[in-house]
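# Coordinates in review
Residue-level listing of the chains:
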Amino acid sequence: MLGGSAVRGCVAVDDSLVLLLLLPPATGVNLCATMSVFMKICCFVVNALCLPFHILKALGLYNAYKRVFPFCVHQISVKYNKQMYDKKKELFRKVSDFSRPGGQLTILEIGCGSGTNFEFYPPGCRVICTDPNPNFQKYLDKNMSVNDHLVYDRFLVASGEDLSSVADGSVDAVVCTLVLCSVNSIEQTLQETRRILRPGGAFFFIEHVVGEESTWTHFLQHVFQPVMNYFGDGCEINRQTWKQVEAAGFSEVFLRHIQAPFFILIRPHIIGYAVK
Ligand SMILES: C[S@@+](CC[C@H](N)C(=O)[O-])C[C@H]1O[C@@H](n2cnc3c(N)ncnc32)[C@H](O)[C@@H]1O
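In this report, the structure presented in the accompanying data block is examined. Being a predicted model, the structure only gives us computed values, none of them experimental.

### Structural notes on the overall build of the protein chain
Each helix and strand counted, the protein chain has 8 helices and 7 strands in total. Counting across all 276 residues of the protein chain, residues that qualify as buried make up 32%. Across the protein chain, every contact between residues at least 6 apart in sequence was considered, and the portion connecting residues at least 24 apart equals 68%.

### Remarks on the environment of Asn133
Structurally, Asn133 can be placed in the loop between strand S2 (126-130) and helix H4 (137-146). Here Asn133 falls in the partly exposed class, since 16 other C-beta atoms lie within 10 Å of it. For the pair Asn133 and Ala158, spaced 25 residues apart in the sequence, the C-alpha separation amounts to 7.9 Å. Excluding anything up to four places from it in sequence, Asn133 contacts Lys66, Phe69 and Pro70.

### Examining the nonpolar core
In terms of nonpolar packing, the biggest core is built from 44 residues, with Ile107, Val171, Ala173, Val174, Phe203 and Phe204 touching the most fellow members. Of all elements in the fold, only helix H3 (65-93), strand S1 (106-110), S2, H4, strand S4 (171-177), helix H5 (186-196), strand S5 (197-208) and strand S7 (268-275) reach the threshold of two or more residues within this core. Residue contributions to this core peak at 6 residues, all from S5. Apart from residues no more than four positions distant in its own chain, Val174 is found in contact with Leu108, Ile110, Thr193, Ile196, Leu197 and Phe203.

### Points about the site of the ligand
As a matter of local geometry, the ligand sits amid 21 residues, with Gly111, Gly113, Ser159, Gly160 and Thr177 nearest to it. Its residues assigned to classes, the shell around the ligand shows 8 nonpolar, 11 polar and 2 charged.

### Describing the pairing of S1
Counted residue by residue, S1 has 5 buried out of 5 residues, so it is predominantly covered. Every second residue of S1 is oriented toward a common face, with Thr106, Leu108 and Ile110 on one face and Ile107 and Glu109 on the other, all of them buried. Here S1 runs beside S2; their pairing, made up of 5 bridges, is parallel. By the bridge assignment for S2, Ile107 is matched with Val127. By the bridge criterion, 4 bridges tie S1 to S4 in an arrangement that is parallel. Looking at the pairing, Leu108 lines up with Val174 of S4.

### A short note on the sheet that holds S1
Taken together, 7 strands build an open sheet; the order of strands is S3-S2-S1-S4-S5-S7-S6 and the sheet is mixed. Strands at the two margins of the open sheet, each flanked by one partner only, are strand S3 (151-156) and strand S6 (252-259). Averaged over all adjacent pairs, the angle separating strand axes in this sheet is 15°, with direction ignored. One ladder, built from 8 bridges, connects S6 with S7; its direction is antiparallel.

### Let's talk about H5
Listed as buried for H5 are Ile186, Thr189, Leu190, Glu192, Thr193 and Ile196. All buried residues of H5 fall inside an arc of 155° around its axis, so they share one side.

### Focus on the environment of Ser96
Residue placement: Ser96 occurs in the loop between H3 and S1. Looking at Ser96, the number of C-beta atoms within 10 Å reads 15, which means it is partly exposed. For the pair formed by Ser96 and Pro122, sequence separation is 26 residues and the distance between their alpha carbons is 6.7 Å.

### A word on the environment of Gln225
Checked against the element boundaries, Gln225 lands in helix H7 (residues 225-231). Expressed as a C-alpha distance, the spacing of Gln225 and Cys43, which sit 182 residues apart in the sequence, is 8.4 Å. The contact partners of Gln225, leaving out residues within four places of it in the chain, are Glu236, Ile237 and Asn238.

### Here we look at unusual backbone geometry
Unusually for a residue other than glycine, Leu178 sits at a positive phi of about 55°. As for its placement among the helices and strands, Leu178 is situated in the loop between S4 and H5. Leu178 gets classed as buried once you count the C-beta atoms within 10 Å, which come to 21.

Parameters at a glance
Residues numbered from 1 in each chain as written. Predicted model: local features only at pLDDT ≥ 70, side-chain atom pairs only at ≥ 80, totals over all residues. Helix = DSSP H or I, 4+ residues; strand = E, 2+ residues; numbered from the N terminus. Buried ≥ 20, exposed ≤ 12 C-beta atoms within 10 Å, placed from the backbone. Contact = placed C-beta atoms within 7 Å. Core = buried A, V, L, I, M, F, W, Y, C linked by C-beta atoms within 7 Å. Near = placed C-beta within 6 Å. Nonpolar A, V, L, I, M, F, W, Y, C, P; charged D, E, K, R; others polar. Pairing = 2+ DSSP bridges. Axes fitted to C-alpha atoms, helices over the stretch in contact; angles between N-to-C directions. Arc of directions from axis to C-beta.

See the structure below:
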């Protein structure tokens, strides 16, 4: 959008415009360095403010939050679904394309949380729910009873990195929404995803990701990363998740970058599906 040798910049006014226009090169470089130092200072300050959380975690007390987190996710996901309704509807409409010849469709959801995606799945499909946090059970049960158009197989308390109780090539679709920001290893989770998918099956995802470099989003995501990490139960808002999805060895990847209608730290999203 902005070109020419006179353009120098490292920070954005908003998420699309580079701030430093038509500055002499040396000024641009100096400002870049200044912004980098400014970001480091901000990161340091926010980290220092998080000290009580660091201490709670070191003492092993942070785990208590895992009991509260499902309540937070449940509340937030209702609002999230309202804002993302059309996007989810459009994406999950594709899931039926991956049914077996007889029409059977088995979906496994990684990090299913409260089961916020159930309403988008096609009637009659079999759903295997997985999440490492067993405290979601109560909210899952609620969503299962509301969405009685599906057949629930089981709730597996497991992380996406280890789905060893699920057989190779046994599911038609794997779903991950707002999960790859929290897993310990995206690579391992995607490896497990490919293992359990049948050939020709598909992996569906909606994930928030890091914003473009040189934007305020990128800057703020780095500064507020520690806060989001604690409140989001391990969520990392500055991941380039699309790179791992594209490198995971799927035969085809249909991925779009979108700006979701949420607050700046989780606005950049990727959405799409990848075929095994
Ligand atoms: C923000 S919530 C999203 C829940 C749900 N997918 C949704 O869209 O509402 C993140 C979820 O990822 C789960 N999670 C965290 N670490 C995980 C891991 N290593 N493997 C699988 N799920 C994980 C959390 O327990 C939580 O349910």
